[in-house]
Structures are given as C-alpha cells and as structure tokens.
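# Architecture at a glance
Each chain, letter by letter, is given below.
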Amino acid sequence: MHPEETLVTRPLAEVRPNTWDFLREAMIAPTGFREYDARWRYPQEINLPGMTALGLGLGTQMQRRGIRPEIAVGNDYRDYSLAIKQALMLGLVQAGITVRDIGPALSPMAYFSQFHLDAPAVAMVTASHNPNGWTGVKMGFERPLTHGPDEMVELRDIVLEGKGEARPGGGWVRADGVREAYIHDLVTDFRMTRPLKVVCATGNGTASDFAPEILDRIGVEVVPLHCDLDYTFPNYNPNPEAMEMLHDMARAVKESGADLALGFDGDGDRCGVVDNEGEEIFADKMGVILARDYARLYPGAKFVVDVKSTGLYHSDPELRALGATTEYWKTGHSHMKRRVHATGALAGFEKSGHYFLAGPVGRGYDCGMRVAVEICKLMDRNPGKSLADLRRALPRTWSSPTMSPHCADTEKYAVLDRLVAKLQTLHGQGGTLGGRAIADIVTVNGARVMLKNGAWGLVRASSNTPNLVVVCESPDSEAELRAIFADLDSVIRSEPAVGDYDQSL
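Residues numbered from 1 in each chain as written. Predicted model: local features only at pLDDT ≥ 70, side-chain atom pairs only at ≥ 80, totals over all residues. Heavy atoms only, no water.

### Notes on the domain arrangement of the protein chain
Put simply, an interface is often sized by how much accessible area is lost when its parts join up. Domain boundaries assigned for the protein chain yield domain 1 (20-180), domain 2 (189-393) and domain 3 (398-501). The gap between the C-alpha centroids of domain 1 and domain 2 is 28 Å. Opposite the 31 residues of domain 1 that make contact, domain 2 presents 33 residues. In this assembly, domain 1 packs against domain 2 so that about 2800 Å² is buried in total across both faces, 59% of it on carbon and sulfur atoms. Joining domain 1 to domain 2, the criterion identifies 5 salt bridges. Measuring nitrogen to oxygen at the nearest pair gives 3.0 Å for the salt bridge that ties Arg179 to Asp209. The tally of links from domain 1 across to domain 2 stands at 14 residue pairs in polar contact (both at pLDDT 80 or more). If you list the elements that add at least two residues to the side of domain 1 that touches domain 2, you get α3 (107-116) and α4 (149-160). The element contributing the most residues to the side of domain 1 that touches domain 2 is α3, with 6 residues. (Domains from an automatic or database assignment. Contact = heavy atoms within 4.5 Å. Buried area = accessible area lost by both parts, 1.4 Å probe. Salt bridge = Lys/Arg side-chain N within 4 Å of Asp/Glu carboxyl O. Polar contact = N/O pair within 3.5 Å; in protein donor to acceptor, adjacent residues only side chain to side chain. Helix = DSSP H or I, 4+ residues; strand = E, 2+ residues; numbered from the N terminus.)

### Remarks on the confidence of the model for the protein chain
Per-residue pLDDT for the protein chain has a mean of 95; in total, 98% of the residues score no lower than 70. Here residues 1-6 is a poorly scored stretch, pLDDT under 50, and it has 7 contacts once near neighbours within four places are set aside; other chains count. (pLDDT = per-residue confidence, 0-100.)

### Points about the sheet that holds strand β2 (residues 70-75)
Across a sheet, paired strands are connected by hydrogen bonds in the backbone, their directions being either parallel or antiparallel. As summarised here, the arrangement of the 6 strands in space is β1-β5-β4-β2-β3-β6, forming an open sheet in which the pairing is mixed. The open sheet has two free edges, formed respectively by β1 (38-41) and β6 (171-174), since each of these has just one partner strand. When strand polarity is set aside, the average angle formed by the axes of neighbouring strands in this sheet is 20°. Looking at chain direction, β1 and strand β5 (residues 134-140) are connected through 4 bridges and run antiparallel. By the bridge assignment, Trp40 is partnered in β5 with Thr135. Its contacts with the sheet place helix α2 (residues 81-94) against β2, β3 (98-104), β4 (122-125), β5 and β6, and it is angled at close to 170° to β2. Running over the sheet, α3 touches β2, β3, β4 and β5 and is turned about 165° from β4. (Pairing = 2+ DSSP bridges. Axes fitted to C-alpha atoms, helices over the stretch in contact; angles between N-to-C directions.)

### Here we look at the side chain of Asp366
Within the element layout of this structure, Asp366 appears in the loop between β15 (355-357) and α12 (368-381). Here Lys337 takes part through its side chain, which lies 2.7 Å from a polar atom of the side chain of Asp366. Setting aside residues up to four positions removed in sequence, Asp366 forms contacts with Pro108, Tyr111, Asp269, His333, Lys337, His354, Tyr355 and Phe356.

### Concerning the pairing of strand β12 (residues 302-306)
Taken residue by residue, a regular strand's side chains alternate between the two faces of the sheet. Of all 5 residues in β12, 4 are buried; the element is thus mostly enclosed. Strand direction decides the pairing type here: β12 and strand β13 (residues 325-329), joined by 5 bridges, are parallel. Within β13, the residue paired with Phe303 across the bridge is Thr326. Pairing analysis gives 3 bridges linking β12 to strand β14 (residues 347-349), with the strands arranged parallel. (Buried < 20%, exposed > 50% of the residue type's maximum accessible area, 1.4 Å probe, protein only.)

### Describing α12
The end-to-end C-alpha distance of α12, which contains 14 residues, comes to 20 Å, matching closely the 20 Å that a straight helix rising 1.5 Å per residue would cover. When you tally the buried positions in α12, you get 13 out of 14 residues, the bulk of the element. (Expected span 1.5 Å × (residues − 1).)

### Things to note about the packing of helix α1 (residues 48-64) against α4
Any two packed helices are characterised by how steeply their axes cross, that is the angle between the axes, and by the distance between the axes. For the pair α1 and α4, interaxial distance at closest approach is 9 Å and the crossing angle is 120°. The orientation of α1 relative to α4 falls into the category oblique. Seen along the crossing, α1 lies across α4 with a hand that is right-handed. On α4, the residues that touch Ala53, Leu54, Gly57, Leu58, Thr60, Gln61 and Arg64 of α1 are Glu151, Glu154, Leu155, Ile158 and Val159. The residue inventory of the contact of α1 with α4, partitioned by class, reads 6 nonpolar, 3 polar and 3 charged. (Parallel < 35°, antiparallel > 145°, perpendicular 65-115°, else oblique. Left-handed = near helix turned anticlockwise from the far one by under 90°. Nonpolar A, V, L, I, M, F, W, Y, C, P; charged D, E, K, R; others polar.)

### Some thoughts on the UniProt feature "domain: Alpha-D-phosphohexomutase alpha/beta/alpha" (unreviewed entry) in the protein chain
Following the UniProt record, the feature "domain: Alpha-D-phosphohexomutase alpha/beta/alpha" (unreviewed entry) maps to residues 32-160, 181-278 and 284-395 here. With 41% helix and 22% strand, residues 32-160 has end C-alpha atoms that lie 11 Å from one another. (UniProt positions renumbered as here; feature names shortened; annotations may be inferred.)

### Considerations on the environment of Pro168
As for its placement among the helices and strands, Pro168 is situated in the loop between α4 and β6. Through-space distance from the C-alpha of Pro168 to that of Gly96 is 5.1 Å; in sequence the pair is 72 residues apart.

The structure is reproduced here in structure tokens:
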C-alpha cells in the first residue's frame, strides 16, 4: 500500500447507525478515550471504520515513538469482538504494522503474549467487565505496562485529528499456541498437596475456557459455576464486583461444601473471592491476607495499594512486625501497574479485584488466573486453616461500600480540587472527622483523609463516569464509620454541583 492511496480524514464525532455513511466513514464518540484505555458502546458510539481509524492511530503512535512495528492482538469472547478486532487490525496494517493475531484471549493472556512472542506492543479488544453492548481496547507498549493518561491523550489526538499515517510494510500473521503456553506458564511449577475444593465461577465469559482447566491441572477439585462459553451471558454479566455474581458464588459454596469460590470477570484480569462460610472477601482484604503470606516468604516486601483500599496495610501488626511497607496510589489498572513497576514492589492490590503480582511471583500485569493459582498456593501453605480462618485472623474493620455521588464530567475535577483544598484547610486548623484528629491527607488521587486511629475517609473523581467516589473505614466501630462519613459528606455537600449518591450508609 502506498501512502497516497489512503486519504485520512477526521472521524465524525456523531455516530449515526443505520445510515449509508455508517458503513463507510469513521465515526467515533470522543468520550470513549478514557484515562487508561478506550471504551465505547457499539454501535451507538463507534462503528467499524472508526475502529480502523483507531488501529491506524495506534500504529502511527508506534511509528512515531520508534517502536518496532509489530503488535500482538487478541479479542474477548463476545459475538461482535472478532469483527471489532478485524477492523482494528486493518488500521494497524495500514500503518505499516505487522499484526500477530493470537485469537480469542483473556487480557492477561494478551499481556503474556508480549513476553512469549517478544512483541513490543499489545492490543486487546475487550469490553472488560462491562455488559454486552460495550467494546474497547486495552493497549500497551512497554511490557508489562498499559497506556496511561499521557499515552491515551497522544493517541486520542492522533485519531480524532485525522493524523494517522499510512505506510507500506504492514501484514498479518496467525500466532497459534499462545493459549497453551499461557496456561502452561501458570500451572507448570505447582501442584496442591492438600485437598482443595473450589467453586469456579466464570459467568459464561471468556474465562470459561481457561479457569476450570487451570485449577484442575494444579490438583484442585473444581465445582464449575456457569463455565459453559455463551456470549449471551444467560445468567448474569461476568463481574465479580457485582452482588448478583457474588451471591451466586456464596450459594454454590454452601451447596457444594467447597473450601472457597473464585470468580472472574469478562476478560479475566480480575478475581473475586468468597470463603468457605459464604463470606465475600473484597480484594483489598484478600490482598492483606496474601501480603502477610508474601511478607513471610519475602522479608521486607513492598506493596502498592489503591487509595480505596483498607487501612490495614499500614496498621496491621503482623505486616509491621514482618517489616513490610505499603504505598497508597492512584486507582486504575494502568496507574497501579506503573507504580508497582516503578517502585520494584512485590505486588499491588486494588479493591476492584485487580492484583498486580511482580517478580518472582508474576510478571507485573493484572491476571485473575495468576491470582487464583496464588490463592490456592496460599491455602496449600496453610493446610490446617480455612480461608475463613485467615479472614478472621485480620484485625476487624468497618468499611463502607464504594459510594458515588453524581457530578458532571465537565465539573468533577474542579469540584474535587476545591474539596481537597477545603480538607487540607481543615487539617491545618486541627480539625477532625468523626471526632478523630486528622493525621495526614494523601492526595495522589483525590483526598484520603487519614485519622489518628487508622480510620480514614476518601473522596476522589471517577476516571470513567460522571461522579465522585467516596469510601470510609473505621477500625473501631460502625458508629465511628457513620460519623466519619457524615463529617466528610458535610464537606462534600458544600459543593452545589454534587448530586445524589447511588448508595449510602
């Protein structure tokens, strides 16, 4: 292909399905370019020529950065993902990139393929945990990292301003065997020595073709729960943060007498956990359980957790006695991956269910399958204990759910800046939340107000939706939790642009 053969124009910002132009002209809603990936409703917010324009832009970004023009590309198990991927690959080829098509995949399998195929870039077509009707792309250049805000702004500008550059030399090759290599990498060095019965919940999503086999191959007795591939998701959307899926996992544990349940989202980069008593263990608390175990194996280990996570990482006596240190960082899989990589941390834990396990445990990217294997290893190293025993061994805390008051995308960041300033002023004046003195305010991602007894309250702006995010925790009582929230909310309510909560205490 010669450059003059492709006339690049700006994509249309208004997407018009069921029109003549929809089948020919690139249409992309600009809002799909998020902080660390791209995500649209299809076909309401992007069409196939728009995906080709995205591929051309991504390939142009690679060429401008001097990256070897080769990329691994995969897609999740949805009925429209193959068409989306083919449109994306067409644009990459137009940009002079050689595409190595790994076929249907989990996001962590695509990340793994960068190592396995020695590919300098990756693009994974996936709607992640979003329901059907959504699509998107997770992409990265410097393994094990994915695009952060700077890379996304650069890509957005190339695509939306029609600056994609066609070049000769592109091509497509089929890369077989990556799935088998990925599974082998997960199971080759470990086999259970104690009996372990695990409910494996995949919500009929992509992980159905991976998780049961992986658990079986390490010697786990698998109780499958909706593990038949079915991209209509006949039971519920695969999302282990959703109570519908978690309640189903808890029911299956009680009915089967399993030792625990592991649930996976639509692209397999997150893992949800329910213990043998049917109690959900949020990923931040599961992270503390794993961190205790890792700190014994790797003295002085460093961890990174997102600002929505429990304060136990700082206050837990066992972690402190083992010399472990923890940094609180920005919420978001790309932010967390980058911080774990930059600081040389052993692991990162995010409350949403992303775990980032670095060497020697993992490769630094978020992989629900790796976490599942690591939780089984944890149980193997504690043969006389149940997962509920390990949960109860943690100091008790009272935590709020993630609460999201509405705030328009056009206003939320300015509102947050003012809220941070008000909370810093309160701190400087010796103020309190819930009657407790403020010890510190962590401002890497909004304001996490740390109190003298280890309690805290957080307000930040959502990266993807028109709202703020509020979370609180107390190590003392539910009454103190409610008092902290009431005081924090009174500051938030000083901003008239903040609307109603989706849920509250």
